[in-house]
Amino acid sequence: MFDTLQHKGRRKKLLEQLLSKFEFDPRVIEAMNRVPRHMFVDHGLDNLAYLDKPLPIGAKQTISQPYTVAMQTHLLAQRAQKFDKVLEIGTGCAYQTAVLAEMGFRVYTVERQKTLYMLAQKNLARLDYHTPLLHFGDGFAGMPKFAPFKGILITCGAPDIPNELLKQLATGGRMVIPVGTGTQRMVVIDRISDEEFTRSEHGDYKFVPMLSGTE
Ligand code: SAH
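This one's a predicted model, so the numbers in the text were calculated from it and none came from an experiment. (Residues numbered from 1 in each chain as written. Predicted model: local features only at pLDDT ≥ 70, side-chain atom pairs only at ≥ 80, totals over all residues. Heavy atoms only, no water.)

(A) Representation of the state of the cysteines. Taken as a whole and judged by the stated rule, the model has zero disulfides. Note on C93: no disulfide assigned, nearest cysteine sulfur contributed by C156 at a separation of 13 Å. Accessibility expressed as a relative area gives 10% for C156, which makes it buried. (Disulfide = S-S within 2.5 Å. Buried < 20%, exposed > 50% of the residue type's maximum accessible area, 1.4 Å probe, protein only.)

(B) Spatial organisation of the site of the ligand. The immediate surroundings of the ligand are formed by 27 residues, with T62, E111, D138, G139 and L211 found nearest. Contact distances for the ligand include 3.2 Å between a nitrogen atom and a side-chain N or O atom of E88. For the ligand, a nitrogen atom lies 2.6 Å from a polar atom in the backbone of L211. For the ligand, whose accessible area on its own is 570 Å², the fraction buried by protein is 99%. Of all the cavities here, the one that holds the ligand is the largest cavity. In terms of residue count, the dominant contributor to the shell around the ligand is strand β2 (residues 61–63) (three residues). For the shell around the ligand, a count of residues per class yields 12 nonpolar, 11 polar and four charged. (Near = heavy atom within 4 Å. Polar contact = N/O pair within 3.5 Å; in protein donor to acceptor, adjacent residues only side chain to side chain. Areas by Shrake-Rupley, 256 points an atom, 1.4 Å probe, with all protein chains shown as cover. 1 Å grid on protein atoms, 1.4 Å probe; cavity = no way out; pocket = protein on both sides within 12 Å on 5 of 7 lines; lining within 4 Å. Sits in = over half its atoms within 2 Å of the grid points. Helix = DSSP H or I, 4+ residues; strand = E, 2+ residues; numbered from the N terminus. Nonpolar A, V, L, I, M, F, W, Y, C, P; charged D, E, K, R; others polar.)

Below you can see the structure in the form of structure tokens.
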């Protein structure tokens with residue numbers, strides 16, 4: 001599978017469509033323009049990859065809708081800069097991981113399902129993304145060995161804000177986390193100091209649930 005002119009054209013159209021809905025940070029749009037989303041989904045879904053829709057990636061999980069990826073990356077990029085450490089929970093097919101890598105972040109990502117962890121490795125290697133550090137494990141634990149993180153991005157619906165992840169957020173850093181069961185509020189937590197956090201909400205979304213343990 002290649003990134004043909006036709007794919008590039010469809011991708012550009014999708015990004016224009018996203019920009020007509022929200023004024024995303026241009027760096028986010030440029031990063032998404034460099035990632036061939038169709039190469040993260042099944043061959044048979046190739047022609048659906050540039051619709052603003054979530055798609056199945058196996059193991060009852062989905063690749064997030066492009067609008068959602070753009071919004072989460074946009075919110076994160078208001079705090080995290082190039083070369084900052086960013087932790088992603090819920091690697092899935094690693095599309096969002098690739099977008100974060102294109103933003104210039106040093107990416108650490110955790111997936112709890114072995115088959116998706118392996119799919120993510122394959123997808124990233126094939127496209128020459130060699131810098132993200134992939135970890136198979138339960139994202140509720142984060143990656144304490146590499147903390148603190150300037151940005152923490154959760155790509156599954158969390159029942160609440162996991163305390164362990166708050167601990168791994170750097171002062172001056174930001175967590176972007178969909179909170180709730182069924183539908184989720186996009187919650188942004190900024191760490192102001194050791195003890196102080198602020199919270200804001202950014203609309204309703206629908207994510208697959210954040211589950212504990214591994215499988
Ligand atoms: N960012 C992904 C989204 C995949 S859907 C993409 O672009 O494709 C969310 C993912 O979160 C699923 O793969 C699911 O297995 C994973 N997940 C759910 N709970 C988790 C947890 N506690 N730790 C790590 N990953 C988790």
